[in-house]
Amino acid sequence: MESVLSPPPFLSGGTPLTPFSHSLSAKTILPRECTRARSSLPAAQPDPWSQRDHPSQPKPRSKNPKNPLSDDNARRIIRSKALYLSALRKNKGPNVHTPPWIKRTPEQMLLYLSDDRNGHLHGRHVVAAIRTVRALSQKKEGEYDIRKVMSGFVCKLTFREMCVVLKEQKGWRQVRDFFYWMKLQMSYRPSVIAYTIVLRIYGQVGKLSLAEETFLEMLEAGCEPDQVACGTMLCTYARWGRHRAMLSFLSAIEERGVTPSVSVFNFMLSSLQKKSLHTSVVELWRKMSSKGVAPNGFTYTVVVSSLVKGGYGDEALKTFYDMKNAGFIPEEVIYSHVISLCSKDDSRWDEAVALYHDMRSQKILPSNYTCASLLTIYYKSGDYSKALSLFSEMERYKIPPDEVIHGLLIRIYGKLGLYEDAERTFREVEHLGLLKDEKTYLAMAQVYLNSGNALNALNLIQLMKSRNILLSRFAYIVLLQCHLKREDLGSAEAIFLALSSTGQADAASCNDMLHAYINSGQMVKAIEFTFQIRKNREDYDEQLIKTIMRVYCRAGMVRDAEQFVEEMQTNSNLKDNRFVQTFLKKISGEYRGQKNDEGRVFASKTLDPVALGLMLTLYLGNDMSRSEEIFQLLIDSEGGPSAVSKLMTSLIKEGDISKADNLYGLSTKLGLQPEDEIVAALISLYGKEQRLDRAEEIFGEASSPFPAKVIVNAMIDLYIRSGRADDAFFLYTKASEQGDNLGVVAVSIIVNALSSNGKHQEAEVLIRKCMQETLELDTVAYNTFIKAMLEAGKLKFAASIHQQMLAKGIAPSIRTINTMISVYGRSRELNKAIEMVDIAHSFNLSLDEKAYMNLLRFCSRQGETEKATLLFSKMREEGIRPGKISSTMMMDLYASAGRWVEAADLFTDMKVAGIVPDSSVYLSLIRAYTNSSKTVEAEDIIKSMQSEGISPSSAHHNRVIWGYAKAGQIKEAERVYGETVSRSIGADPSCHRTMLRAYMDCGYVEEGIAQFERIREQVRMDRFIWSAAVHLYRSLGRTEEAEDVLKGLKREGIPFLANLEVAPKKTRS
């Protein structure tokens, strides 16, 4: 097909416009048989222009030699010879007929040699003339005289040769000057061919004024412009965007009876389309059709594209099908246009899909634009499987998806709930550098919103803003949804103002803002917002009207509701709206109901139950007589009882207990018993309001003879939340006596409540009863039973519950494993507690750190360091990263066992894992060193603490003092003790006790007494210190001081430690 940018053949540099050839006489007649296409020529035939084998039979020069050939006939001959030569080149093969060698007579050979062509296309004088004229391009305007330059060629060039020289020029100035010289020659005769050559050169360089002057000159010279000359002029105008002049010229030549060829029409149509003048393209197309010019494939391609872009949808489809019926195969771009056109009309979606399959049957690969149109159809129609299939087909044929297709794919994944795939696609678009359009960001933001991740959606829009992408109205709408999802009303209000600044906010956004105010309990703001909407808005949708009425009805604003309904009465778009008309008829008094034979009011089929329900909430508590009338209308309407149930459920959810109670009273008064679920919800609402008496009244009214299970469960839950576990247990027992099975949930709640309130005996009775009956217990119930018995201290019974659970094939949970570890740990059955790890693995349960910590704690209590070490290693092997608490617990175990190496390694591992050691961790490490007689290293740990910015406490120094004392290094112990007191650490009694114990154990009696006398005022009546003082005084025979200290203990009621011993007295060296 012709390219949109390529000129028609007569303007192309590759197609000569001159009618002359060295082997062609101007008067030679071309047989019509030689113009056939290759398909009609199985082999090339001898050309009619070559000389025959017998010179005695020359070709006739013309049937009528007196009449020379016209310009049109000359062009026809040139074109026919070109077609013949083309067929000759294409039909190469063993049977090809090549022209015979030209046989010349001696006279003909002399003539052939004398013309100096030597077999070339042009003679030497023609080539010299061409070079001479071309050389003028090196000179400036006015530096030469064309007549002097060409003086050597006067009378040497025939008219045909001058046309050849003219055609071979490349510069417009050389064409202009040579044509001027050409017209001065004797052999020149006015011809449309020469003028066409000049027009072509002027048109190529954009010299439109010179082209127009030349065309007028041609007319003045008496040369009637033919189809080619006019087509050249039209293409010149089209090439340089002079469309008004082009159309005017077209009208002028039509008046002269000249109709352009299809190539010229194609050039004009393409030029108009490039400037998006689609209306002009359509008009020119219609004119072309009226002239009977047969279009080709390129014509249809341009016209269908402009018809689609210009909004002529029906005509575009008709032209497309005409193109197919004419035997032309549309290009992909045409299929893409018509498929896109059909995708915008849901009634033509099937036609679009059929066109796509037709295109694929032609083995035409779709473009991104076509695939995007198909994906849009599948997305809107909800046919996501076909959409994903199309995307797979694109991958199979290596059609790279663009940003639009990725955006559609993100939306489809979001609709399917494949949020991870949607996010992966978005990241892929970003990685490929295609992320530029706002719609792609917003598509992913909506996916985040649908998945409940409003924060990610908000961050994505902030990222879009940081990349200098301006927010559209739709972006503000999505941003508003983000803030509303996060319940950030302040930010939502700011975004709503920004949205309003771009134009009137859409009804859906107004509706969302109203719902946000209602859900947050800000009814004052909701009411003010309704006034703002009514002031600035003219168009409403039904949802917004319902929400505004719900605000007024919930607030009891009767007058405002009536005014709003009257405003809606003037809106012509709502005259057929059932919801609005119900309000109008009822509030305006137009509809008073219809009486049946019994005098009851029954509703018309035209009334909307939702509107009646809202009106009922409006008048509840304000006008009970009118409320009763509306209630009667509501229950008699189609779907009325269901509407009453929904209304009562809504009031209960909103917490409007007054209106819910009034509606409940109306229902029971008029014989409409509310559903059991609604009664249960109402009882729960009264429980939240601490109105247990009213809840019991409603429960009593529902007894017929005994309330339903859901009501009993609600009452039991209310009793438990009110701290009345006995009443809940009594109600459960009564329900069981009635044969009602309240379910395993109710049993679990009651057992948990009894256990929490210390009613362990009642809990045990209920548990044993449930286990003896056929009640199907689940994992939660068993967990509750085991936990209750654990808290009651019934460890063996708790273990038997677990055994029954496993015997019945009930799979345990992590909570079961943790509870059973506590059960076996408290019963000092450590091996069974450790076996719970294997049980968990047998049920494919992965233990958490909490379970291992529980095991480590029981190992620590029983001093099982080796078992604790194995459990700690197993925890690490399972990929559980030990935290600070479990690591500290393990370090305490190592410290108690005196395993300072393992404790030091664990301390290093904690720091590598990023756990910052605190004071308790350092204390455990110091204990490990001191228990291993590494007191010097323990004191270094204190220094390390200080370098890390952690202040050691008295407990840390006390362990170092104890270590030195244990090793008998009293001087070192006194040094550390002195530093503890002097640094204002505020040594607690434990340091004093440790130092005093060191003096007693080492026999430094006098130093011990001196120590006591220094600190006796700081540690008044400490049992150990004062008892030790008594023993120290007695060891020195100072019985009087000993008795005074002992009397002080007795006076304070502190028992004396008589079993303390003092080592034999020593004296310092």
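What counts and what doesn't
Residues numbered from 1 in each chain as written. Predicted model: local features only at pLDDT ≥ 70, side-chain atom pairs only at ≥ 80, totals over all residues. Heavy atoms only, no water. Helix = DSSP H or I, 4+ residues; strand = E, 2+ residues; numbered from the N terminus. Expected span 1.5 Å × (residues − 1). Buried < 20%, exposed > 50% of the residue type's maximum accessible area, 1.4 Å probe, protein only. Arc of directions from axis to C-beta. Contact = heavy atoms within 4.5 Å. pLDDT = per-residue confidence, 0-100. Salt bridge = Lys/Arg side-chain N within 4 Å of Asp/Glu carboxyl O. Core = buried A, V, L, I, M, F, W, Y, C linked by side-chain atoms within 4.5 Å.

**Overview of helix 45 (residues 865–877)**
For the α-helix, the turn length of 3.6 residues means that residues three or four positions removed from each other point alike. Here helix 45 is 13 residues long and its end C-alpha atoms lie 18 Å apart, about the 18 Å a rise of 1.5 Å per residue gives. Among the residues of helix 45, Thr-865, Ala-868, Thr-869, Leu-871, Phe-872 and Met-875 are the ones counted as buried. Buried residues along helix 45 cover an arc of 165 degrees about the axis, so they all sit on one side. With respect to the buried face of helix 45, the exposed residues turned more than 90 degrees away are Glu-866, Leu-870 and Glu-877. Buried positions along helix 45 lie against helix 43 (830–842), helix 44 (849–861), helix 46 (884–897) and helix 47 (900–912). Just beyond helix 45, the residue with positive phi is Gly-879, at close to 85 degrees.

**Examining the environment of Ile-1025**
The topology assignment puts Ile-1025 in helix 54 (residues 1023–1035). Setting aside residues no more than four positions away along its own chain, Ile-1025 makes contact with Pro-989, His-992, Arg-993, Leu-996, Phe-1012, Ile-1015 and Val-1019.

**Re the confidence of the model for the chain**
Here the chain averages 79 in pLDDT, while 84% of its residues score no lower than 70. For the chain, strand 2 (residues 601–602) is the element with the lowest average pLDDT, namely 45, and helix 6 (residues 172–182) is the one with the highest, namely 94. In this model, residues 49–55 is a region of pLDDT below 50 whose contacts with residues beyond four sequence positions or in other chains number 20 contacts. Low pLDDT, under 50, characterises residues 590–603; the predicted model gives this stretch 31 contacts beyond four residues in sequence or across chains.

**A look at the pattern of salt bridges**
Counted under the stated rule, the structure contains 29 salt bridges. Arg-1034 is the partner of Glu-1043 in a salt bridge, and the nearest nitrogen-oxygen pair spans 4.0 Å. Assessed through its relative accessible area of 39%, Arg-1034 is described here as partly exposed. Members of the salt-bridge network, linked through shared partners, are Glu-141, Arg-173, Arg-176 and Asp-177.

**Comments concerning the nonpolar core**
Core analysis: the largest hydrophobic core is formed by 325 residues, its most contacted members being Met-182 and Ile-683. When residues of this core are assigned to their parent elements, the largest contribution, nine residues, is made by helix 7 (residues 192–205). For Met-182, the residues in contact, after removing those within four places along its chain, are Phe-159, Met-162, Cys-163, Leu-166, Tyr-188 and Ala-194.

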